[in-house]
Every structure is written in structure tokens, then in C-alpha cells.
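Descriptive analysis of the structure
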Number of protein chains: 2
Amino acid sequence: MWKPDRQSKQPLYEQIADHLERRISYGEFPPGSLLPSERKLAEQLGVNRSTVILAFAELRSMGIVESRTGSGTRVSMTKWGATPKHTPNWSRYAEGGSFLPNVPFMRKIREALAQNPGLVDFASGELSADLAPIEEITALMSRHRYTSYLGYDNPQGYSPLRQALVAYLQQYRGIQATESSILITSGSQQSLYLVTQCLLSPGDAVAIEDPSYCYSLPMFQSAGLRLFRLPVDRHGARPEDIRSLYKKHRIKMVFMNPNFQNPTGTVLDMERRRQLLDVASELGLPIVEDDPFSLTAYDGAPPSPLKAMDAVGSVLYIGSLSKIAASGLRIGWMVAPHSIVERLADARQQMDFGLSVIPQQVAAQFLKSPDFQPHLDRLRMQLQFKRDLVIEALRKELPGLVRFTIPQGGLHLWCKLEPEVHDGKLLEGAIRRGVVFVPGSVYGSDSGFVRFTFARAPADRIGEGIAKFAEALRELTGESSVRNSTE
Amino acid sequence: MWKPDRQSKQPLYEQIADHLERRISYGEFPPGSLLPSERKLAEQLGVNRSTVILAFAELRSMGIVESRTGSGTRVSMTKWGATPKHTPNWSRYAEGGSFLPNVPFMRKIREALAQNPGLVDFASGELSADLAPIEEITALMSRHRYTSYLGYDNPQGYSPLRQALVAYLQQYRGIQATESSILITSGSQQSLYLVTQCLLSPGDAVAIEDPSYCYSLPMFQSAGLRLFRLPVDRHGARPEDIRSLYKKHRIKMVFMNPNFQNPTGTVLDMERRRQLLDVASELGLPIVEDDPFSLTAYDGAPPSPLKAMDAVGSVLYIGSLSKIAASGLRIGWMVAPHSIVERLADARQQMDFGLSVIPQQVAAQFLKSPDFQPHLDRLRMQLQFKRDLVIEALRKELPGLVRFTIPQGGLHLWCKLEPEVHDGKLLEGAIRRGVVFVPGSVYGSDSGFVRFTFARAPADRIGEGIAKFAEALRELTGESSVRNSTE
Ligand SMILES: Cc1ncc(COP(=O)(O)O)c(C=O)c1O
Ligand SMILES: Cc1ncc(COP(=O)(O)O)c(C=O)c1O
């Protein structure tokens, strides 16, 4: 991202005015379009708001932009020639389409992280660089020759990767599969997207866990699905709830994340797994099993997936390298009946023509390499270590004010805050102090929770991050009586 | 893909029965699901149909499958336990969703290529391995260290790639852009997908060229768009047609591929470009400019894009490395107003969490490397050489029977067949003889055309491929009087 040059002799505001003029003349801000607010630009460029105000004034004096109080600064319509020309109303197009934007909290977090990479990041659900097998992957890439043909790939994905996954699934997850039953996807995310877009129709009812990652995904709403909640307790979702949802709403599919569930860390109880599969087969109901975390089990004994116990073929199984290797590889997979794999491969072809062959080659080699198992062993230890750092810091900074169940795997700690505070204000205060987390409401219907991802932040900043969070929380609880009396 | 082992002592039919039993027991063919037809399996496995019949009989005798005349072979429902259990009706799910499958001809071609990689491929719109910069890319990858953090990427794509594209767009396309106005996509395909899904609503009218690549894309129909044709003549589409479509149908967007159009090879006339931009600005109508082929201009002077002439910001510009480097990289880009880039980046995040960082690093380095320009120079010469091979072969094999305009860039030759033949029968006959092409009807409303991609097949097989095509055509024209009299 462009930033003004503080060494330059040209004043900052002039640099900013020049930069904006360039972007306007390139069409990035077409005639009539709204520029970012003074506040937002100041944040992005790391300058005082007054500097942006001066830059806008400069542009205004040149007739390039117009400001009207309360409605921001717009690019002039007349700048572009004598006759009034019409630029498409781009902002109306941007609001069009049935595809919904991400939830506001997630966009806010993303913006905060983009503007200030120095934040302690308890929000991004991924591994830190030192936990990811970057060295192993770098070594693989420089050792191997990628001379294969770089053409459009097989719609199901790179065949050697599917072969490597057959062995991986059997060895690590007890799942029997053949190459032809595997679809390679851009992470679990694309698997979920394909399922919601291509196997379900608008108006269909589905069941999702509450809280759950699914709850944070507007793709379910974008697909026009009616969502019904499966409350998650300490042992996961309750199979009998599925039966009653089926009776009442004819749910068409169930989405589950049974192992170290995001965000709660819960493992679905073994007895419930059996009941769940019984209910599913009784009702002929498909279960989508999203299983990205199981190999992080700190004791080295990952829970067995539903798919491995599924005798009648009720389960669509989804896996990913994101949480056990690196999310930037964008490698996930689905194991599904033939008809489903064919359908989704065909649809994906139309959406993006499949994944790049290169990361698929890297992933295949990594899965087969002798580095893979030692990496997993190290990862589990490091995750447990970081989990303990967060817990220790919370106990020190907020004794008695947060409650949680200690997770035995996964990347997240799910906390109930004892004081009642306003989600959005807490997030804002935390960002101001230099830390981000995800408000629990993003994942479900109950308020008063937060999700701390302990995998992403460097170990030596976890204590500092929690201390900042504690400050933000205390500020609000100090304020809360004031807030309550004035609102 | 699994194939039976012809060296083994176990009879082929038994190997096939075992293999199918395994896939059935793994859930790939759940109870009640249909197995592939005898004919299709025989083709896939490279065995006689009688061998598959024996394998099915074996499975039937074990009670694993059931066959009913006329309705194929299904996996038994009762195989799976004493009490009848219910497997989800997967094939009904596979038929669900509003996302339409690819057009039948394209699926047929894909299947034929998957089953017989030895076909002479005039169908896949991409470069052959010797035309792609595989060596350059391999060298880049082994020289450089990919030690960067492999986390979830910036939603707009890898920043150094966007920087490299700013320089590329200026130098090669005369387009002024900043990093913040670029969205990296999985090829032009994903750009088109995002535009149709996120900027338009069901019922919206849009204009597409006829014939055109867009015509072959069910994504337009899947998004519920109403499509209106812009006939393409020797100089491209006619701007006045846009005006009348706007008057009649209030079209919301125009899709154009102005430079070496797929499939016709046409270059939009300079005068029409000016008129087109005038019409667009007069009506406030956005133009999506899909520009994957321009740098293949055989004379080294690519036509300038609409985007570079666009003074009011009407044009969304789409580019790709697929046709000038390698389609397996899956690297494309869009240059668009700020509001559009933000919206599409957010949506794409939900669909697949963005592209893998690795191919983006490769692409950034390749664009900046001293190898890039020499690669382009070589590519242009090789494409022209292959174009001439196809033309020479057509003149030799089918003198007077095909008509075409000689393209000055791109990967395709668009041919009108003089004899009237049945598209599907011609394709079938060609596949039987060992060659594939794309029937012209896939790209538009007129029949009697074929598209030959000359970039994909090895130069030394082009003559042979056209000879086989000519045989298939002659077989049908020999038959055609018979067909006409009996139908
Ligand atoms: C339960 C769950 N499913 C899917 C995903 C998507 O991950 P990816 O697409 O990187 O595999 C996440 C990421 O946070 C997740 O927590
Ligand atoms: C005109 C046109 N646009 C887009 C595409 C999609 O290509 P890619 O996604 O590989 O860039 C193609 C491929 O054939 C094409 O011909």
C-alpha cells in the first residue's frame, strides 16, 4: 500500500493530494464516486486527520472533488469534459447481486489488521509462521523440479495429490477412499461453498451448530438457506435435536465440526456420534463433516471422524491443510459419493477452473515426505504451549472474570465473559490498545463470549495481548454503569 | 485413475469386480446409487464391454449390485445390514442447486480427453507444454526462497504481484492503475464469475457477443441473467446494437472480448471502440473487457485495450496469464473502481479464501524477470507457426470445404464448414478417429462452425489431427443424403 514519504521535501498533504489525483485519473475513483472518509484515509496512510483535510482542500480547489457536509467527498462529475458524461453507477452495482457481504465484525477486524500489522492477533484462525512448516516446504520446492505440464488441471484436482490423500486419509483418519472419490478444493471454505451453492436450493432448511464457524458465513444466507440451530453443549450437538428439526422443518442437511469444534473446542461425544449416524441413516439425512482440526489433538490421539464410522454413506467429509500446515497453501479436500464429486467438480470448473497445480504439487510432496509426521508432533506441542500461555495470562489479568473449558486440541479458546459488556465497544477498545479477537456473537446466537485464537500470535506477545484485552474490558466494566444510565 | 493390471494372473473381470466392490464399500457408490454404464466403464478402464459385463455379474451374484433392464446397475439397498437403512438420496442432491452443469459438448470433450490422452487436442483453449515458460518458471522456483509467511492472503491478492501488475499493465497495455485497484483472481474465469454473481441480480439483462466464450458459460444462466446477443462481424460487435439493446431491454452490462476474440479471432475496429465507449458513457453502462489474448498479437503490436481509452471509468478490465504463460498457474486479475474491488474481494474471501500465495509469488517474479519479454516474443512466433500448420492442413485435407478468416493473434481458428453436418455426430466421429475440437454452437447461436485451437496440440501432430477431422467430416457428408432422407 502506498504511504507518503516522510523524507521528501514535498509536504505530506501535497503528496496525498497527488496520490489521490492519480487514483482518480486512473478510474479507481470514477466521477461521482465517494472517496474514503478523512478518518479512514488518515488511518490507512498513518497521518493526522488534519493532513487529509488539507489534501482534500487542495483537490477541491482544483475542481477535482466536491464535499458536501454530512455526505463526504465525491469526485466531480464535470471534471471529465465539457459535455456531462455518465459513469456507471458503480456503487449501485457493488450493492447488487444476491451474494451477501461478510459480517461487519469480520470486516472491521480485517481492516484493523490491514492498517496495523502490529496488532496482537487473537482473531485470525490460523497458525503463526513458526508453527507452519515453511522451512520444510521451502526445502521441498527448491529440491524438486516442477517440470510437469502447467495446463488446466483435472477438474477433481491434481491426481498425485489425490493419491497422496488416499494414503493420508487411511493412515491418519481411518478413512477408506479412492482417488476418484476425492475432490481437491481451495481449503474447507470452498468445499462448504460448493455444497451450499450446488447441492441445496433456496428455501431448503439446514441444521448448523450454535455456536459454530458456519454461523459466521453469509454464504448460507446468500444461498437462500433457512438455518436451524443445533445447540452445542460440552459434549457437542445433541442427535435428538436433529430428529426434531427434521420433523418440524424437513431439514435437508446437517453441518458438523465434531473434532475440536470452532469456536468451542468441543469434541463430539462417542455415544452421540453413534446416535447421530443412526438418526442420519434413519432419516436419509446427509451430514457434512468439517474436520480441519483433528490432527492438532494435543495428546497425539485424534478423535476418529464420523466418516470412518459411517456404514451407509451419510457423510460428506471435508478436510484441509490450513490448520495443520499453512492456510496460504489453500489446499483442502472433500470425500464424497461419485455423483457428488462429479457435480461439484463440474461446478468448480465454471467458477475458477480449479486450483493452481503448483501448491497441489507442494502439498502432495509434503504429505508424503518424512517431514510430515515430525511436523505434526511439533505442532501439537507448540499449540498446547500457546494454549497454556493464553490461559495463564487470562488467569493473571482477569481472575474470576472469564470462564472457559480447556480445549484438548484446535487453535481456539472460547471464553465466557462474566461482566456484561457491549461486543462492539469491547472490540473497538481492544483495537485501540493494539489487540484483536473475535466477538463470540459472530459464531452464534448467545452474547457475552469471545474467541481467542492462540495459534496465530507469536508466543512472546500473548501475555501482552491479553493484558491489553483486559484493559479494554476493564475500561468498559468501569464505564458500564455510566453507559447503562445514559442509554 | 485405477486401471486393471494386465500382467496379473487374476482375470481382468475379477480385478474390476474387486475394485468396484472396494469403491462401493468406501461409500463412493452408496446403497441405491447407479454405477457407471457398462460402456462408460469399459472406455474408462480400457477393456472390452464383455469384461465389464462379467464383473457386474460377479457383483450381482454376491448380492452387492442389482441390475434391471433399461435402468442400469445399482448398488443393493439391503447389502448394508439386516434393517433397511437409508442412505441420503445423493443423486437428488447432485441435481439440486441453482448452479447449472457445464454444457454437454464440453463435458463430452473433457471425458474423451480424460479417457484418451492420446487424442489430438484442438479443443482445450490453452498452450502446449513447449509454448509455456515451464523452464523459466522451474528455474525461478528453484532459485528463489519462498520463506514468506504462508497465511491467509490479503483479500485482494498478494501485494508484490499487484505491484508487478501495475508495471506490467502500464508497459504492455497502456493501462494506468495502482495496487489498490487490482484484484488477483483464479484466471479470467473467476473474474467473470465474481462479476456475474456479485454485481448483477437475477433478472438483469446483459449483452454478450455472439459467438463468444461467454455463450459457453452456464454461469450467466445460473445467475439468472437474461442474455442478449451482440452479433460479431469481421470488425467485432456493433456499438449501435448496444444502444438498441439498452432501449429495448435496459441491459445492465456489456461483456466484450475485443482483442483476438474467442472463438472468432476478431479484433474490434478502432472506430467502433470509440463509438462503443461513447455509447457506454452516454448510457452510463459498464463494459467488462475480457482481454486474455492481446499479447499474442503475431506482429508484436497488440491492440490497445478499451480500458486505456476509457476517460469516464466505464470499463472493468480483466486479464490473465493463462493464454500467454500457463493456464495451470491460475493467475488472473481485474482492474476496477475501488468500490467494486472491495466488494468482489470480500465475496471471493467467502468462496475460497483467496488464491494460494505460492503461484502468486511465481507469477510476480516471472512478470518482473528478464525472461518475460523473450518468452512473449517466442510465443508469438510459435503460435503463428502453428496457426499456419492448421491452415495448411485444412487447405490440403478439405479444399473448398472450410472457410475462415486468418487470425492475427490468439489461439484459435474459427471455421465455417461448407457441408451441413450434425454437430454432435461430427464430434463423435472425430473422437472415434482420435481428434477433438469444439463445435461452434457452443459459442453461439449459429450452426455449421467449428473452433480449432492450434496452440494446444504438438506441432508435429497438427497435420494428422486435421486429416482425422477431415475423415470424420467426409464420413458424414457421404452419409448426409442418407441421413436427410431417413430423418
Ligand atoms: C470449522 C472451519 N471450517 C472451515 C474453515 C475454512 O478454512 P480453510 O478454507 O482455510 O480450510 C475454517 C477456518 O477457520 C474453520 O474453522
Ligand atoms: C475469452 C476468455 N475469457 C476467459 C477465459 C478463462 O480463462 P482463464 O480463467 O484461464 O484466464 C477464457 C478461456 O478460454 C477465454 O477464452
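Residues numbered from 1 in each chain as written. Chains lettered and ligands numbered in written order. Predicted model: local features only at pLDDT ≥ 70, side-chain atom pairs only at ≥ 80, totals over all residues. Heavy atoms only, no water.

1. Focus on the site of ligand 1
- Neighbouring ligand 1 are 15 residues, the closest being N262, D290, S320 and S322 of chain A together with Y152 of chain B.
- Two or more chains meet at ligand 1, and those chains are chains A and B.
- Between ligand 1 and the protein, one listed contact pairs an oxygen atom with a backbone N or O atom of Q189 of chain A at 2.8 Å.
- Take R330 of chain A: an N or O atom from its side chain is 2.9 Å from an oxygen atom of ligand 1.
- For ligand 1, whose accessible area on its own is 400 Å², the fraction buried by protein is 98%.
- Ranked by residues supplied to the shell around ligand 1, first place goes to helix α8 (residues 187-198) of chain A with three residues. (Near = heavy atom within 4 Å. Polar contact = N/O pair within 3.5 Å; in protein donor to acceptor, adjacent residues only side chain to side chain. Areas by Shrake-Rupley, 256 points an atom, 1.4 Å probe, with all protein chains shown as cover. Helix = DSSP H or I, 4+ residues; strand = E, 2+ residues; numbered from the N terminus.)

2. Observations regarding the pattern of salt bridges
- Taken as a whole and assessed by the stated rule, the structure comprises 53 salt bridges over all chains.
- The salt bridge involving E136 of chain A is made with R378 of chain A; its shortest N-O contact spans 2.8 Å. One end of the pair, E136 of chain A, is in helix α6 (residues 134-143); the other, R378 of chain A, is in helix α15 (residues 372-397), with 242 residues separating them in the sequence.
- Between D210 of chain B and R229 of chain B there is a salt bridge; the shortest N-O distance is 2.4 Å. Taken as a pair, D210 of chain B in strand β5 (residues 205-210) and R229 of chain B in strand β6 (residues 226-233) lie far apart in primary sequence, 19 residues in all.
- Ionic contacts of the salt-bridge type, sharing partners, join the residues D233, R238, D241 and R272 of chain A into one network. (Salt bridge = Lys/Arg side-chain N within 4 Å of Asp/Glu carboxyl O.)

3. Remarks on helix α10 (residues 239-249) of chain B
All names here are of chain B.
- Within α10, burial applies to P239, D241, I242, L245 and Y246. For α10, the arc enclosing every buried residue in end-on projection is 150°, short of the 170-degree limit, so these residues lie on one face. Residues of α10 that are exposed and point over 90 degrees away from its buried face: K247 and K248.
- Contacts from the buried residues of α10 go to β5, β6, β7 (236-237), β8 (253-256) and α11 (270-283).
- The positive-phi residue at the C-terminal boundary of α10 is R250, with phi of around 50°. (Buried < 20%, exposed > 50% of the residue type's maximum accessible area, 1.4 Å probe, protein only. Arc of directions from axis to C-beta. Contact = heavy atoms within 4.5 Å.)

4. Regarding the sheet that holds strand β13 (residues 412-417) of chain A
Residues and elements named next belong to chain A.
- The strand order across the open sheet formed by four strands is β12-β13-β16-β15, and the pairing between neighbours is antiparallel. Single-partner strands in this sheet number two, and they are β12 (402-404) and β15 (438-439).
- Alignment of β13 against strand β16 (residues 449-453), held across five bridges, turns out to be antiparallel. In the sheet register, C415 faces β16, and the bridge partner there is V450. (Pairing = 2+ DSSP bridges.)

5. Concerning the UniProt feature "domain: HTH gntR-type" (unreviewed entry) in chain A
- Feature annotation in UniProt assigns "domain: HTH gntR-type" (unreviewed entry) to the following positions: residues 10-78 of chain A.
- Structurally, residues 10-78 of chain A comprises 51% helix and 9% strand, and the distance from its first C-alpha atom to its last is 29 Å. (UniProt positions renumbered as here; feature names shortened; annotations may be inferred.)

6. Notes on the nonpolar core
- Ranked by internal contacts, the top residues of the largest apolar core, which has 241 residues, are F255 of chain A together with F255 of chain B.
- Apart from the residues within four sequence positions on either side, F255 of chain B is in contact with L192, V195, T196, L200, V206, A207, I208, E209, C214, F220 and V288 of chain B. (Core = buried A, V, L, I, M, F, W, Y, C linked by side-chain atoms within 4.5 Å.)

7. Structural notes on the packing of helix α5 (residues 104-115) of chain A against helix α16 (residues 423-433) of chain A
Residue and element names in this part refer to chain A.
- Across the interface, α5 lies against α16 with an axial gap of 11 Å and an inter-helix angle of 5°. Our classification of the angle between α5 and α16 gives roughly parallel. Across from F105, K108, I109 and A112 in α5, the residues of α16 making contact are D423, G424, L427, E428 and I431.
- For the contact of α5 with α16, a count of residues per class yields five nonpolar, one polar and three charged. (Axes fitted to C-alpha atoms, helices over the stretch in contact; angles between N-to-C directions. Parallel < 35°, antiparallel > 145°, perpendicular 65-115°, else oblique. Nonpolar A, V, L, I, M, F, W, Y, C, P; charged D, E, K, R; others polar.)

8. A look at helix α13 (residues 338-352) of chain B
- For α13 of chain B, spanning 15 residues, the distance from its first C-alpha to its last is 21 Å, which sits close to the expected 21 Å at 1.5 Å a residue.
- F353 of chain B, located one to two residues past α13 of chain B, shows a positive phi value of around 60°. (Expected span 1.5 Å × (residues − 1).)

9. What about the interface of chain A and chain B?
- With 108 residues of chain A in contact, the opposing surface of chain B contributes 109 residues.
- Regarding the contact of chain A and chain B, the summed buried area is about 9200 Å², with carbon and sulfur atoms giving 57% of it.
- The largest per-residue losses of area from chain A upon contact with chain B belong to W90, Y93 and Q350 of chain A, which jointly make up 9% of the total buried on that side.
- Across the contact surface, chain A and chain B share two salt bridges.
- With a shortest N-O distance of 3.1 Å, R110 of chain A and D346 of chain B are connected by a salt bridge.
- Scanning the region where chain A abuts chain B turns up 54 residue pairs in polar contact (both at pLDDT 80 or more).
- Looking at the side of chain A that touches chain B, the elements that each hand over two or more residues are α4 (90-95), α5, α6, α8, α9 (218-222), α11 (270-283), α13 (338-352) and α14 (357-368) of chain A. (Buried area = accessible area lost by both parts, 1.4 Å probe.)

10. With respect to the relation of the copies chain A and chain B
- The two copies are related by a screw motion: chain A maps onto chain B through a turn of 180° and a shift of 0.0 Å along the axis, at an RMSD of 0.1 Å. Here the copies are linked by what is in effect a two-fold axis. Across chain A, the rotation axis passes nearest the C-alpha of S142 of chain A, at a separation of 2.1 Å.
- When the interface residues of chain A are mapped onto chain B, 100% of them again lie at the interface, so the same face is used by both copies. (Least-squares fit on C-alpha atoms with pLDDT ≥ 70 in both.)

11. Brief notes about the packing of aromatic side chains
- Summed over the entire model, instances satisfying the criterion amount to 30 aromatic pairs over all chains.
- Aromatic side chains W414 of chain B and Y443 of chain B sit 6.4 Å apart centroid to centroid with 75° between the ring planes, which places their arrangement in the edge-to-face category. With W414 of chain B in strand β13 (residues 412-417) and Y443 of chain B in the loop between β15 (438-439) and β16 (449-453), the pair connects residues that are 29 residues apart, well separated along the chain. The same class applies to W414 of chain B and to Y443 of chain B, which are both buried.
- Geometrically, the ring pair formed by W414 of chain B and F449 of chain B is stacked, given 4.9 Å between the ring centres and 5° between the ring planes. Linking W414 of chain B in strand β13 with F449 of chain B in strand β16, this pair joins segments that are 35 residues apart in sequence. The residues W414 of chain B and F449 of chain B share a single accessibility class, namely buried.
- Counting every residue linked through ring pairs, the aromatic cluster contains Y168, Y172, W333, F366 and F372 of chain A.
- A cation over an aromatic ring shows up here: K416 of chain A above the ring of F449 of chain A, its NZ or CZ 5.1 Å from the ring centre. (Phe/Tyr/Trp six-rings, centres within 6.5 Å; stacked < 30°, edge-to-face > 60°. Lys NZ or Arg CZ within 6 Å of the ring centre and 35° of its normal.)

12. Some words on the pairing of strand β4 (residues 182-185) of chain A
Residue and element names in this part refer to chain A.
- On β4, burial covers both faces: I182 and I184 on one face and L183 and T185 on the other are all buried.
- Here four bridges tie β4 to strand β11 (residues 332-335), and the two strands are oriented antiparallel to one another. For L183, the partnering residue across the bridge sits in β11 and is M334.

13. Examining the confidence of the model for chain A
- Across chain A, the average pLDDT comes to 93, with 96% of residues at 70 or higher.
- Here the predicted complex carries an ipTM of 0.93, next to a pTM of 0.94. (pLDDT = per-residue confidence, 0-100.)

14. Section: the sheet that holds β13 of chain B
All names here are of chain B.
- Strand order in the open sheet made by the four strands is β12-β13-β16-β15, with antiparallel pairing throughout. The outermost strands of the open sheet, each flanked by one partner alone, are β12 (402-404) and β15.
- When β12 meets β13, the two strands line up antiparallel, connected through three bridges. Looking across to β13, one finds that R403 is bridged to K416.

15. Topic: the site of ligand 2
- Contacts to ligand 2 come from 15 residues, most closely from Y152 of chain A together with N262, D290, S320 and S322 of chain B.
- Residues close to ligand 2 are split across chains A and B.
- One of the backbone N or O atoms of S188 of chain B is found 2.8 Å from an oxygen atom in ligand 2.
- For ligand 2, an oxygen atom lies 2.6 Å from a polar atom in the side chain of N262 of chain B.
- When ligand 2 sits alone it has 400 Å² of accessible area, and the protein chains cover 98% of it.
- Sorting elements by how many residues they give to the shell around ligand 2 places helix α8 (residues 187-198) of chain B first, with three residues.
- In the shell around ligand 2, the residues fall into five nonpolar, seven polar and three charged.

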